[in-house]
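# Descriptive structure summary
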Amino acid sequence: MAVPMRKLSKRRTRMRASHHALSAKNLRECPRCGYMGPAHRICTNCGYYAGREVINKED
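Parameters and conventions
- Residues numbered from 1 in each chain as written.
- Predicted model: local features only at pLDDT ≥ 70, side-chain atom pairs only at ≥ 80, totals over all residues.
- Heavy atoms only, no water.
- Helix = DSSP H or I, 4+ residues; strand = E, 2+ residues; numbered from the N terminus.
- Rg over C-alpha atoms; globule rule 2.2 N^0.38 Å.
- Contact = heavy atoms within 4.5 Å.
- Areas by Shrake-Rupley, 256 points an atom, 1.4 Å probe, with all protein chains shown as cover.
- Lys, Arg positive; Asp, Glu negative; His and termini not counted.
- Charge placed at Lys NZ, Arg CZ, Asp CG, Glu CD.
- Phe/Tyr/Trp six-rings, centres within 6.5 Å; stacked < 30°, edge-to-face > 60°.
- Lys NZ or Arg CZ within 6 Å of the ring centre and 35° of its normal.
- pLDDT = per-residue confidence, 0-100.
- Buried < 20%, exposed > 50% of the residue type's maximum accessible area, 1.4 Å probe, protein only.
- Disulfide = S-S within 2.5 Å.

### Side note on the overall build of the chain
- Helices and strands together make up the secondary structure of the chain, namely one helix and four strands.
- The order of α-helices and β-strands along the chain, N terminus first, is α-β-β-β-β.
- In terms of overall size, the chain is more extended than a compact globule, its C-alpha atoms giving a radius of gyration of 22 Å where 59 residues would be expected to give roughly 10 Å.
- Dimensions along the principal axes, computed over C-alpha positions, put the chain at roughly 60 × 25 × 20 Å.
- A fraction of 0% describes how many contacts in the chain between residues 6 or more apart in sequence connect residues 24 or more apart.
- Total accessible area computed for the chain in this model is approximately 6,000 Å², and 53% of it derives from carbon and sulfur atoms.
- The average position of the 13 basic charges and that of the 4 acidic charges among the side chains of the chain differ by 33 Å.

Shown next as structure tokens:
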């Protein structure tokens, strides 16, 4: 089994972990109903994508 040769410093450990942060989601407003959702996806609120109905969402 591999064993580290020496203890990693707090600085080196924290610098490696600095890239593990979560990023904010990019949301866009649906032009039909105004719902905020991910871009290039069917609107989960109204079922439309690119100006046409993809999923029949009955209210």
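### Description of the packing of aromatic side chains
- Inspection of every chain in the model, using the stated rule, returns zero aromatic pairs.
- In this arrangement the basic side chain of Arg32 is found over the ring face of Tyr48, its NZ or CZ atom lying 3.9 Å from the centre.

### With respect to the confidence of the model for the chain
- Averaged over all residues, the pLDDT of the chain equals 91, while 98% of them reach at least 70.
- Averaged over each element, pLDDT in the chain is lowest for strand S4 (residues 52–53) (90) and highest for strand S1 (residues 27–29) (95).

### Describing the environment of Pro31
- Note on placement: Pro31 falls in the loop between S1 and strand S2 (36–38).
- The exposed category is assigned to Pro31, whose relative accessible area is 84%.
- It is 9.2 Å that separates the C-alpha atoms of Pro31 and Ala50, two residues lying 19 residues apart in sequence.

### A look at the environment of Thr13
- Mapped onto the secondary structure, Thr13 falls in helix H1 (residues 10–17).
- On the basis of relative accessibility, which here comes to 31%, the residue Thr13 falls in the partly exposed class.

### With respect to the state of the cysteines
- Evaluated as defined, the whole model comprises zero disulfides.
- The thiol of Cys33 is not disulfide-bonded; the next cysteine sulfur, from Cys43, is found 3.7 Å away.
- Residue class for Cys33 comes out partly exposed when judged on its relative accessible area of 33%.
- Cysteine Cys46 shares no disulfide, and the gap to the nearest cysteine sulfur, in Cys43, comes to 3.6 Å.

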